[in-house]
Amino acid sequence: MSWLPIAQATTLNVQTLSLDKITDVAVLEDPKGTLTRDDVSSDALAGQFKAWSQERGQINLGFSSSAYWVRIPLQRHAEAPTSWVIEVPFFQLHTLDFFAPNEAAVQTGGSRPISSRPFLHRFFAFPVEISTEKQMFYMRVTSQHSLTVPITVWQERTFRHHVQNAFILQSLYFGGLIALLIYNLFLSISLTDLRFLLYTLFVGNFGLAMLAGNGLGQMFVWPGEGQFDAIAQSFFLSLSGCFSMLFASRFLGANRYVPKISRWLQIFSAIYLVDAIAQITAPWHGVPLQWILEVLFLTTLPAGALVVIAGIQVHRRGQKRVRFFLLAWLVLWSGAITATLRAFELIPTNTFTSYSLQLSSALEMLLLALALADMVHLERQEREHAQHEALEANERLLKNARISEERLELEVQKRTVELKLALNTETQLLEKYMRFGALISHEFRNPLGIVDSQISLLRKEQEKGQLNLDKRLNTMASATRRLLSLFDTWLNGDRLQHAMQEMKPEHIPLAAWLRELIDSQISYHDNHPLTLNISRAVGDVWADEDLLEVAMLNLIDNACKYSAAGEVVAIETRQKPGWVGIAVIDKGCGIDPKDHQAVFDDYHRVSSESTISGLGLGLAFVRRIVNMHQGELELKSAIGEGSTFCVWLPLK
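These numbers come from a predicted model, not from an experiment.

J.: So, the nonpolar core: which residues are in play, and what are the values?
T.: The biggest cluster of nonpolar side chains holds 60 residues, and the ones touching the most others in it are Tyr199, Phe251 and Phe325. It is helix α6 (residues 226-252) that contributes the most residues to this core, 12 residues altogether. When neighbours within four sequence positions are excluded, Phe251 is seen to be in contact with Arg195, Arg321, Val322, Phe325, Ala371, Leu372 and Met375. Core analysis: the next-biggest nonpolar cluster, separate from the first, contains 38 residues, Val541, Ile556, Ile625 and Leu635 among them.

J.: Tell me about the sheet that holds strand β10 (residues 124-129), and name the residues and values.
T.: Taking strand neighbours across the sheet as the criterion, the four strands line up as β2-β13-β7-β10 in an open arrangement whose pairing is antiparallel. Each having just a single partner strand, β2 (18-19) and β10 make up the two edges of the open sheet. By the bridge criterion, four bridges tie strand β7 (residues 83-88) to strand β13 (residues 152-155) in an arrangement that is antiparallel. In the strand pairing of β13, Ile86 is matched with Val153.

J.: Describe helix α4 (residues 194-213), naming the residues involved and giving the relevant values.
T.: Because each turn of an α-helix spans 3.6 residues, side chains separated by three or four positions end up pointing in the same direction. The first and last C-alpha atoms of α4 sit 29 Å apart over 20 residues, in line with the 28 Å expected at 1.5 Å per residue. In terms of burial, α4 is a largely internal element, 15 of the 20 residues being buried.

J.: Tell me about the confidence of the model for the chain, and name the residues and values.
T.: Looking at the chain as a whole, the pLDDT averages 84, with 91% of positions reaching at least 70. The model gives residues 1-7 a pLDDT under 50, and that stretch makes 18 contacts with residues more than four places away or in other chains.

J.: Account for the side chain of Ser143, naming residues and giving values.
T.: With respect to the secondary-structure elements, Ser143 resides in the loop between β11 (135-142) and β12 (146-149). Since its relative accessible area comes to 5%, Ser143 is described here as buried. A polar atom in the side chain of Ser143 sits 2.7 Å from the backbone oxygen of Gln92. Each residue touching Ser143, except ones within four places of it in the same chain, is listed here: Ser64, Gln92, Leu93, His94 and Gln290.

J.: Could you give an account of the packing of aromatic side chains, with specific residues and numbers?
T.: In the structure shown here, the tally under the stated rule is 22 aromatic pairs. On the basis of an interplanar angle of 20° and a centroid distance of 6.2 Å, the ring pair of Phe98 and Phe137 is categorised as stacked. Highlighted residues: Phe98 in strand β8 (residues 95-99) and Phe137 in strand β11, separated in sequence by 39 residues. Phe137 gets classed as buried once you look at its relative accessible area, which sits at 1%. Ring-pair connections join several aromatic residues into one group, and the members of that group are Tyr199, Phe202, Phe206, Phe247, Phe251, Phe325 and Trp329. Directly above the ring of Trp579 sits Lys576, whose terminal nitrogen or CZ lies 5.7 Å from the centroid.

J.: Run through helix α11 (residues 323-343), naming residues and quoting values.
T.: For α11, which comprises 21 residues, the first-to-last C-alpha distance of 30 Å matches the rise-based estimate of 30 Å (1.5 Å per residue) to within 8%. Following α11 by one or two positions, Glu345 adopts a phi angle in the positive range, close to 60°.

J.: Can you break down a nonpolar patch on the surface residue by residue, with the values?
T.: A surface patch of nonpolar side chains, about 390 Å² in accessible area, is lined by Leu185, Ile189, Leu194, Leu197 and Leu201. Elements with a contribution of two residues or more to the nonpolar patch: α3 (156-191) and α4. Positionally, Leu197 belongs in helix α4. Look at Leu197 and you get partly exposed, because its relative accessible area is 32%.

J.: Before we move on, could you go through the sheet that holds strand β20 (residues 643-650) and cite the residues and values that matter?
T.: Strand order in the open sheet formed by five strands is β15-β17-β18-β20-β19, and the pairing between neighbours is mixed. The open sheet has two free edges, formed respectively by β15 (530-533) and β19 (632-637), since each of these has just one partner strand. The mean angle between the axes of side-by-side strands here comes to 20°, regardless of whether they run parallel or antiparallel. Bridge count for β15 against strand β17 (residues 569-576) is four bridges, and the pairing is parallel. In the sheet register, Leu532 faces β17, and the bridge partner there is Ile571. Along the sheet, helix α15 (residues 510-522) makes contact with β15, β17 and β18 (579-586), crossing β15 at roughly 175°.

J.: Can you tell me about a negative patch on the surface, naming the residues and giving the values?
T.: Side chains of Glu506, Glu516, Asp519, Glu545, Asp546 and Glu549 sit close together on the surface and give a patch of like negative charge. Mapped onto the negative patch, the elements with two or more residues apiece are α15 and α16 (545-561). Note on Glu506: relative accessible area 36%, which makes it partly exposed.

J.: Describe unusual backbone geometry, listing the residues and the values that go with them.
T.: Of note, the phi angle at Asn102 is positive, near 65°, even though the residue is not glycine. When you line up the elements, Asn102 lands in the loop between β8 and β9 (106-108). Residues other than glycine seldom take positive phi values, yet Gln630 does so here, at roughly 60°. Here Gln630 shows up in the loop between α17 (618-628) and β19. Gln630 gets classed as exposed once you look at its relative accessible area, which sits at 65%.

J.: Pulling in residues and values, what's your account of the environment of Ala209?
T.: Within the element layout of this structure, Ala209 appears in helix α4. Sequence separation of Ala209 and Ala232 is 23 residues, and the distance between their C-alpha atoms is 6.6 Å. Setting aside residues up to four positions removed in sequence, Ala209 forms contacts with Gln233, Phe236 and Leu237.

J.: Account for the pairing of β12, naming residues and giving values.
T.: In β12, alternate side chains face the same way, and those of Ser146 and Thr148 on one face and Leu147 and Val149 on the other are all buried. Two strands pair when backbone bridges link them, and strand β5 (residues 59-63) and β12 are joined in this way by three bridges, in the antiparallel orientation. By the bridge assignment for β12, Phe63 is matched with Ser146.

J.: Tell me about the environment of Gly110, and name the residues and values.
T.: If you trace the backbone, Gly110 turns up in the loop between β9 and β10. Taking the C-alpha atoms as reference points, Gly110 and Leu96, 14 residues apart in sequence, are found 8.1 Å from one another. Look past the residues within four positions of Gly110 in its chain and what remains in contact with it is Phe91, Leu93, His94, Phe124, Gln218, Gly226 and Asp229.

J.: Hey, could you go over the packing of helix α10 (residues 289-316) against α11 for me, with residue numbers and the actual values?
T.: Where α10 contacts α11, the two axes come as close as 10 Å, and the packing angle between them is 160°. Comparing their axes, α11 and α10 come out roughly antiparallel. α10 and α11 meet at a crossing whose hand is left-handed. Where α10 abuts α11, its residues Phe297, Thr300, Leu301, Gly304, Ala305, Val307, Val308, Gly311, Ile312 and His315 lie against Arg323, Phe325, Leu326, Trp329, Leu330, Trp333, Ala336, Ile337, Ala339, Thr340 and Ala343.

J.: Go over the environment of Leu177 with me, naming the residues and quoting the values.
T.: Examined against the element boundaries, Leu177 turns out to sit in helix α3. Since its relative accessible area comes to 7%, Leu177 is described here as buried. Counting along the chain gives 184 residues from Leu177 to Ser361, while the straight-line C-alpha distance between them is 9.8 Å. If near-sequence neighbours (up to four positions away) are discounted, Leu177 is found in contact with Val203, Gly207 and Met365.

J.: Hey, could you go over the side chain of Arg71 for me, with residue numbers and the actual values?
T.: The topology assignment puts Arg71 in strand β6 (residues 67-76). In this structure Arg71 is buried but unpaired, with Asp43 as the nearest side chain of opposite charge at 8.4 Å. Looking at Arg71, its side chain comes within polar contact range of the main-chain oxygen of Ala46, at 3.5 Å.

Definitions and limits used
- Residues numbered from 1 in each chain as written.
- Predicted model: local features only at pLDDT ≥ 70, side-chain atom pairs only at ≥ 80, totals over all residues.
- Heavy atoms only, no water.
- Core = buried A, V, L, I, M, F, W, Y, C linked by side-chain atoms within 4.5 Å.
- Buried < 20%, exposed > 50% of the residue type's maximum accessible area, 1.4 Å probe, protein only.
- Helix = DSSP H or I, 4+ residues; strand = E, 2+ residues; numbered from the N terminus.
- Contact = heavy atoms within 4.5 Å.
- Pairing = 2+ DSSP bridges.
- Expected span 1.5 Å × (residues − 1).
- pLDDT = per-residue confidence, 0-100.
- Polar contact = N/O pair within 3.5 Å; in protein donor to acceptor, adjacent residues only side chain to side chain.
- Phe/Tyr/Trp six-rings, centres within 6.5 Å; stacked < 30°, edge-to-face > 60°.
- Lys NZ or Arg CZ within 6 Å of the ring centre and 35° of its normal.
- Patch = residues over 30% accessible without salt bridge, like charges linked within 9 Å, V, L, I, M, F, W, Y side chains within 5 Å.
- Areas by Shrake-Rupley, 256 points an atom, 1.4 Å probe, with all protein chains shown as cover.
- Salt bridge = Lys/Arg side-chain N within 4 Å of Asp/Glu carboxyl O.
- Axes fitted to C-alpha atoms, helices over the stretch in contact; angles between N-to-C directions.
- Lys, Arg positive; Asp, Glu negative; His and termini not counted.
- Charge placed at Lys NZ, Arg CZ, Asp CG, Glu CD.
- Parallel < 35°, antiparallel > 145°, perpendicular 65-115°, else oblique.
- Left-handed = near helix turned anticlockwise from the far one by under 90°.

In structure tokens, the structure reads:
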């Protein structure tokens, strides 16, 4: 530590309203704390005082267990006022004994009752009368903290204005702090968010530390508790550090993004808590308080740096919400660094460095409030975005569900229609099979009846000896062929229906084939004369003989069935370029033109046929046979005018 020679007394004039740079202040260390005022004012020790260089700022003696004597030489101009105030604006002085010339000593300090102070003031202020002659004012100071002795000389009136203005500023600071505290506590309760609770505890303890450091705690919060007041600022700073580590870890999501740093933040939080407990229990465990306070200050530097590193890493991982927090923490940490460096005499002590922690905390709290608001805003946006995506996903699910439901309904409807159609088809088939069985019974009965009647006639003729054997045999042969024709019709119908058998076309001499076919049917249709008209130019046709016979027999049967008894059914050949036709003409009931297409469908029967037995398959078979021969089937008919069916076959 370097010292300067003692200079002359500082002279106060009319223009001097306040003076905090007293160039002639000198300091004497009293390691044993046994010196008295008479000792330090004696010639023997007067020369041992060392002048304090103003380049080093206000007096800062660091952490020391020694008592120090401060000598302040003052005088005034004749025009200057007589009454002045010497202020020591630093509360963390354990004892402060003030000695004015020819006055009794004033014994005060943080460990002594507030009533020991000449002024009811948060710091220490002493009214003095200063003469025009050089006077020596002495202070004996001790401290368990960093021993700082800032000195300001005020005109008394100016000092009172200064006190009022300082109280206004402090009121604004602590008023804003309380508002911020209540607001975040309310958010913590309403949102059940631990971050706001930790921030509230951090701000609350920090505010109490500033309250103690400004001397307002002993005045208004814990008056008369001198022993506690001596450690109040450092105690609450330790608790504030504990909660600040937890808050930073929680706010940054350190456990998720930087787990290793998160564990260190928890360790530092525990160190702060142990430090706070150690301060409270210092009178019992015997560890010097100065050591505990040095640990507090030394812990602040790496702990603050670790939070900054964690904030930078989290920000790099895309978490923009930490930007305001990181800025706020840098501001607070810079104030803490300044306070630490000042406490260890590494930087000069002045108004800025003395109040660096409070000044930085004011800006830090504003930025942290913005950080929390920004965090809430960003998280709300994230929640809204997540909710929007969830709603879209739900809408997509609902849409897909509706589409699936509609598809299912369509499939069910389609399947229902198919089942109904299948049921209707089965019902119709059942009805058709029942009709088919009835028709078999009816159609077989006629040929069999003819055979039976002819056999009876043969027996009677045999008894009389008048056999007409040729006639009876021809009739029975015709009936037998009719039965065979019926069987072939049903079998060929099944073959046509399922396409199970290939067509076997061959050359057929049409004229001879038609004569043989008509001759075989004359005896069977004895109620209807059958006529055949064959054109001279007709030749051979290329066709499947069996299928063509099925087609012609169906047409002849229908003509006879739907004509009155005795009506002629005509069969004739027709021709047109490239085609030969076989027409069957009757004078029966006729077919309504609207049914001309439908009569060729399977099992279709027109209303006029309802009293005549049949399956409704004959014309369907005829159309299939004609189509298989690549031919054409022509129908001309009207109600009451008979019908003409013509089968056209290609010559090639």
